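Descriptive structure summary
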Amino acid sequence: KTDPYFEVYGAKGDVVYKSEVIENSMDPEWEMADVDMNALTNGNLDMKIRITFSDSDEDEKKDYLGQILVSVNDIVKRQEDGVTTPYNITKGMHSDGLGQIQVQDVKLIDFVDLREKAKQLKDEAEDVRMSSYEKARVSKAVAEEAQVAMIEAKKAQQDAMVAEEVAEEASKRVEEL
C-alpha cells in the first residue's frame, strides 16, 4: 500500500497546492481543493499544468509515482461534456500500469481571465485615446474658427475706423461748403 498525495504546480513552476496524504490507499479520494487559478495558470486556462503524485514515507522522503499534464480548460470541458475517462499517470516515457486519476468536479469561482481583462483594458484605452483625439480635433477646429472670427473682427474694426475717417472727412467737406 501507498500513502499518496498530489502537488499542483503553477505557471512559475512552484507548488500552488499540496493535498493531504491518504494513508494506506491504492485508490485514494482527496478532498476538494481550492486553487488560485491566476497563480496556477497566470490567466491562461489553456496552459498545461503539472500535477505530480507521490508516496509519503515515514522518513519524510517522497517517492515520485508519476504525473499528469493537463490544462484547466481540458478538465472543465471534459466535465461539461460528461466525459468520465480518467487521465493516465505518466512517469518519464512510461504510462502503462502506473495508474489513473479521475477528476470528479471542477468549479471556477470568481476567476478573472487576465488575458481577457488586459484586452478589455487595452480596448477601453483605445476608445479613450480616440475620443481624446476627436475632442482635440474639434477643439482645434473651434480654435481655428475663433482665430478666423478674431481676424474678421479686427478687419471689421479697421473697416469701421476707415469708415469713420471717411465720414469725418466727408463731414468736414460738407461744413466747408
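The coordinates are above.
Conventions adopted
- Residues numbered from 1 in each chain as written.
- Predicted model: local features only at pLDDT ≥ 70, side-chain atom pairs only at ≥ 80, totals over all residues.
- Heavy atoms only, no water.
- Helix = DSSP H or I, 4+ residues; strand = E, 2+ residues; numbered from the N terminus.
- Rg over C-alpha atoms; globule rule 2.2 N^0.38 Å.
- Buried < 20%, exposed > 50% of the residue type's maximum accessible area, 1.4 Å probe, protein only.
- Contact = heavy atoms within 4.5 Å.
- Lys, Arg positive; Asp, Glu negative; His and termini not counted.
- Charge placed at Lys NZ, Arg CZ, Asp CG, Glu CD.

Within the chain, the regular secondary structure consists of three helices and six strands. When the helices and strands of the chain are placed in sequence order, the string is β-β-α-β-β-α-β-β-α. The globule rule puts the C-alpha radius of gyration for 177 residues at 16 Å, and the 38 Å found for the chain is more than 25% above it. Overall, the chain is about 135 × 35 × 30 Å in size when its C-alpha atoms are taken along their principal axes. The 177 residues of the chain split such that 20% are buried. Expressed as a percentage of contacts within the chain between residues at least 6 apart in sequence, the contacts between residues at least 24 apart total 44%. Separation of charge centres in the chain, based on 23 positive and 40 negative side chains, amounts to 5 Å.

With respect to the helices, strands and loops of the structure, Thr52 is situated in strand E3 (residues 48–56). Leave out the neighbours within four places in its chain, and Thr52 touches Tyr5, Phe6, Glu7, Tyr9, Tyr64, Gly66 and Gln67.

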